[in-house]
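Report on the structure
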2 protein chains.
Amino acid sequence: MRKFIKGEITMLFNKALILGIGLIGSSLARNLKEKKLVKTLAVYDKNQENLKKAKDLDIADIYTDNIKEGVSEADVIIFATPVCAFGKLAKDMSSYVKEGVIITDVGSVKQYSLREIEKYLNKNNGSIVVGGHPVAGTEKSGPENGFTSLFKGRWCILTPDENSTEEAIKRITEMWESCNMKVDIMTATHHDKVMAAVSHLPQLIAYSIVGTVADLEGYEHKEIIKYSAGGFRDFTRIAGSDPTMWRDIFLTNKQTVLELIQRFIEDLVALERNIRWDEGDKMFDLFKRTQKIRKDVIEAKQDQPEHEKRIMEELQKQQV
Amino acid sequence: MRKFIKGEITMLFNKALILGIGLIGSSLARNLKEKKLVKTLAVYDKNQENLKKAKDLDIADIYTDNIKEGVSEADVIIFATPVCAFGKLAKDMSSYVKEGVIITDVGSVKQYSLREIEKYLNKNNGSIVVGGHPVAGTEKSGPENGFTSLFKGRWCILTPDENSTEEAIKRITEMWESCNMKVDIMTATHHDKVMAAVSHLPQLIAYSIVGTVADLEGYEHKEIIKYSAGGFRDFTRIAGSDPTMWRDIFLTNKQTVLELIQRFIEDLVALERNIRWDEGDKMFDLFKRTQKIRKDVIEAKQDQPEHEKRIMEELQKQQV
């Protein structure tokens, strides 16, 4: 594994470029810089305000809206914009990438992301592609809301394909492990199927219910907000997430999401019938089962009050 | 306002009886005892295990499964069992209550709760009833999971009716304010309508989606749990709540809940069409709106990272 030396510290990459300096991009930048994993860190964003914020936060070495400048001499490029921007960016940079550059991304939908990237960046022009998805986040977006420990203890899924090499996979693994993530490897197809269930469907339902409750006629908006701690609030937290990112996810993982919506509606209608016909026992059985699933999540250490506490501390700072 | 003196401390009640020593009952008991609000605190539970746990936790003065013993000489009785047990308990105690006793409850559905209680306890036998609902909780149940600060900063809704007196309302208000709650007053009908929207529907949806995702054929349960931090996890937290309590809520606030399920399905189907027909703009507009609603919740201080942090600390202790 090649490593670069800056002073006495071992570097993972010589020049890294992060495309898109939002919540994930800026949190990764913080890690790369604080942990001195790269010699030079460039961030690209077409949004001037984001670039300025990133500069004020001092989380990189180069801040640019010029793709050529960003890509020049980079030995790793991380796509961290909304996934629908991947194709155009890949096309725009394709003539400037250096031979042997490692291309990765943080996109939540892997088949679409890789299809878009690999149209323009692949073995033909010397690019080595390794798809990636760090499964982490808060409902906040923008560079100012990123923080170093965002990734801690979470899974990062890599989805290598015929454009990947063993060495590239190793180095991207090392990059995410340096951010304190656990790394897992699977196909893009399997990733998209699993994420549709554990992430995309739940998110869609949260958006939908917040819309429904907020639109109910005969209710005062103020009162809905006032008593939101009754449960509604938890859904607003989820539905406060980045609209662009999630629109892109639903549109690019369309078939699987549509299938799961149908499954969900079937189950909800069954529950509706249970209520209508006073079938308390059937409801009780379901609620007992979901309670058991909750226990499984806790036992698998996928709900870590300690980590949540840290995130709450970050949110607290941001709300002041 | 009558107050009782024990040593030099002013007491709110002489003898209080809490019926049902679960999450809410035990958290209230902790407050009444720690803040020395009552001279004698009795807790009743028909579940021997809960009684034993409460005794081990030393959160009351009298622990009993004998309703007559509990009720004897009590000047306030707080119903904190699942709501479907209210009617039988009210009937069983009706010959033992003392003249002028204040009856209140913590039930999540107020029309049903009060109807059940007031069948047996009302002006005819000298009982003064003031309905109440402290809007607070975690997904945990049982006496061992209660804690004093559970109520802090949350709303408690009182729903007085023709069985209430000004003085009783004042004293129940003072009891919850002593637990650091903010108290609001409305009719039972209005309460049930508002709670169906901000609490009952969201909870039902959480149960439903956890059931759907867990049951998907062609998925490994282990994998669903492993990646649950993608979003599913947040729903399991909600769907880990007490099955009996929630079954009772859905069955006793049936009509309003059924109406809201229909509204929710309509909106979800509209969103499904947006995905199918690539109507990204319509989705984006909805997600922008829900983001604004999230801001409203934060501005109304209904999502308090500080309070969440405290709850996480409690959960952390309990998970060790």
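Residues numbered from 1 in each chain as written. Chains lettered and ligands numbered in written order. Predicted model: local features only at pLDDT ≥ 70, side-chain atom pairs only at ≥ 80, totals over all residues. Heavy atoms only, no water.

With that out of the way, let us pick up the interface of chain A and chain B. A common way to express how large an interface is: the accessible area buried when the components associate. Listed per partner, the contact involves 105 residues of chain A and 105 residues of chain B. Across the chain A to chain B interface the summed buried area is about 9900 Å²; carbon plus sulfur atoms make up 66%. Interface area lost by chain A to chain B is led by Tyr-227, Ile-275 and Phe-287 of chain A, which between them contribute 7%. Salt-bridge contacts for Lys-254 of chain B lead to Asp-278 of chain A; the nearest nitrogen and oxygen are separated by 3.1 Å. (Contact = heavy atoms within 4.5 Å. Buried area = accessible area lost by both parts, 1.4 Å probe. Salt bridge = Lys/Arg side-chain N within 4 Å of Asp/Glu carboxyl O.)

With that out of the way, let us pick up helix H12 (residues 280–299) of chain B. Residue and element names in this part refer to chain B. End to end, H12 covers 29 Å across 20 residues, agreeing with the expected 28 Å (1.5 Å per residue, within 8%). Within H12 the residues assigned to the buried category are Gly-280, Met-283, Leu-286, Phe-287, Thr-290, Gln-291, Ile-293, Arg-294, Asp-296, Val-297 and Ile-298. Following H12 by one or two positions, Lys-301 has its phi on the positive side, about 55 degrees. (Helix = DSSP H or I, 4+ residues; strand = E, 2+ residues; numbered from the N terminus. Expected span 1.5 Å × (residues − 1). Buried < 20%, exposed > 50% of the residue type's maximum accessible area, 1.4 Å probe, protein only.)

Pairing between the strands of a sheet is mediated by backbone hydrogen bonds and can be parallel or antiparallel. Residue and element names in this part refer to chain A. Pairing within the open sheet is mixed, and its eight strands lie in the order S5-S4-S3-S6-S7-S8-S9-S10. Each end of this open sheet is capped by a strand with a single partner; those strands are strand S5 (62–64) and strand S10 (182–185). Between one strand axis and the next, the sheet turns through 20 degrees on average, direction left out of account. For strand S3 (residues 13–19) and strand S6 (residues 76–79), the ladder comprises four bridges, and the chain directions are parallel. From the neighbouring strand, Leu-17 faces S6, where its bridge partner is Ile-77. Contacting strand S4 (38–44) and S5, helix H2 (residues 48–57) runs over the sheet at an angle of about 170 degrees to S5. (Pairing = 2+ DSSP bridges. Axes fitted to C-alpha atoms, helices over the stretch in contact; angles between N-to-C directions.)

Moving on: the confidence of the model for chain A. Overall, the predicted model of chain A reaches an average pLDDT of 92, with 92% of residues at or above 70. Listed scores for the predicted complex are pTM 0.86 and ipTM 0.85. (pLDDT = per-residue confidence, 0-100.)

So, about unusual backbone geometry. Notably, Asp-278 of chain A is not glycine yet its phi reads approximately 55 degrees, a positive angle. For Asp-58 of chain B, which is not glycine, the phi dihedral falls at a positive 55 degrees.

Looking now at the relation of the copies chain A and chain B. If you rotate chain A by 180 degrees and push it 0.0 Å along the axis, it lands on chain B with an RMSD of 0.0 Å. Classification of the inter-copy transformation places it as that of a two-fold axis. Most of the interface of chain A is mirrored in chain B, where 100% of its interface residues are also at the interface. (Least-squares fit on C-alpha atoms with pLDDT ≥ 70 in both.)

Our next topic: the sheet that holds strand S6 (residues 76–79) of chain B. Residues and elements named next belong to chain B. On the basis of which strands lie adjacent, the open sheet formed by eight strands has the order S5-S4-S3-S6-S7-S8-S9-S10 and mixed pairing. Each of the sheet's edge strands pairs with one partner strand only, and the pair in question is strand S5 (62–64) and strand S10 (182–185). Each adjacent strand pair in this sheet contributes to an overall mean axis angle of 20 degrees, direction not counted. Both strand S4 (residues 38–44) and S5 contribute to a ladder of three bridges, which runs parallel. Opposite Val-43, over in S5, you have Tyr-63 as the bridge partner.

Now for the packing of aromatic side chains. Counted by the stated rule, this structure contains 16 aromatic pairs over all chains. Between Trp-155 of chain A and Tyr-227 of chain B, the ring centres sit 5.9 Å apart and the planes meet at 70 degrees, which makes this aromatic pair edge-to-face. A residue pair is termed interchain when its members come from two chains, as with Trp-155 of chain A in strand S9 (residues 155–160) and Tyr-227 of chain B in the loop between helix H8 (221–226) and helix H9 (232–238). Just above the ring of Tyr-219 of chain A sits the side chain of Lys-193 of chain B; from NZ or CZ to the centre is 4.7 Å. Lys-226 of chain B extends its terminal NZ or CZ atom over the ring of Trp-155 of chain A, reaching a point 4.3 Å from the ring centre. (Phe/Tyr/Trp six-rings, centres within 6.5 Å; stacked < 30°, edge-to-face > 60°. Lys NZ or Arg CZ within 6 Å of the ring centre and 35° of its normal.)

This part takes up the environment of Gln-203 of chain B. All names here are of chain B. Relative to the helices and strands, Gln-203 resides in helix H7 (residues 188–215). For Gln-203, a relative accessible area of 6% corresponds to the buried category. Along the primary structure Gln-203 and Val-76 are separated by 127 residues, whereas in three dimensions their C-alpha atoms are 31 Å apart. Excluding residues that lie within four positions of it along the chain, Gln-203 makes contacts with Ile-238, Ala-239, Ser-241, Trp-246 and Phe-250.

Direction vectors running N to C along helix H7 (residues 188–215) of chain A and helix H11 (residues 254–276) of chain B enclose 130 degrees, while the axes themselves pass 9 Å from each other. Classified by the interaxial angle, the pair formed by H7 of chain A and H11 of chain B is oblique. When the axes of H7 of chain A and H11 of chain B are compared, the crossing they make is right-handed. Residues Leu-204, Ile-205, Ser-208, Ile-209, Thr-212 and Asp-215 of chain A of H7 of chain A touch H11 of chain B, and the partners they reach there are Arg-263, Phe-264, Asp-267, Leu-268, Leu-271 and Ile-275 of chain B. The residue inventory of the contact of H7 of chain A with H11 of chain B, partitioned by class, reads seven nonpolar, two polar and three charged. (Parallel < 35°, antiparallel > 145°, perpendicular 65-115°, else oblique. Left-handed = near helix turned anticlockwise from the far one by under 90°. Nonpolar A, V, L, I, M, F, W, Y, C, P; charged D, E, K, R; others polar.)

Moving on, we come to empty space enclosed by the protein. Any empty space left between the atoms is revealed when a probe the size of a water molecule rolls over them. Enumeration over the complete set of coordinates arrives at one cavity of 30 Å³ or more. In this structure, the largest cavity spans a volume of roughly 30 Å³. Every residue along the wall of the largest cavity is listed here: Lys-226, Tyr-227, Ala-229 and Gly-230 of chain A together with Val-135, Gly-153, Arg-154, Trp-155 and Gln-302 of chain B. (1 Å grid on protein atoms, 1.4 Å probe; cavity = no way out; pocket = protein on both sides within 12 Å on 5 of 7 lines; lining within 4 Å. Points joined across faces, edges and corners; volume = space filled by probe spheres on them.)

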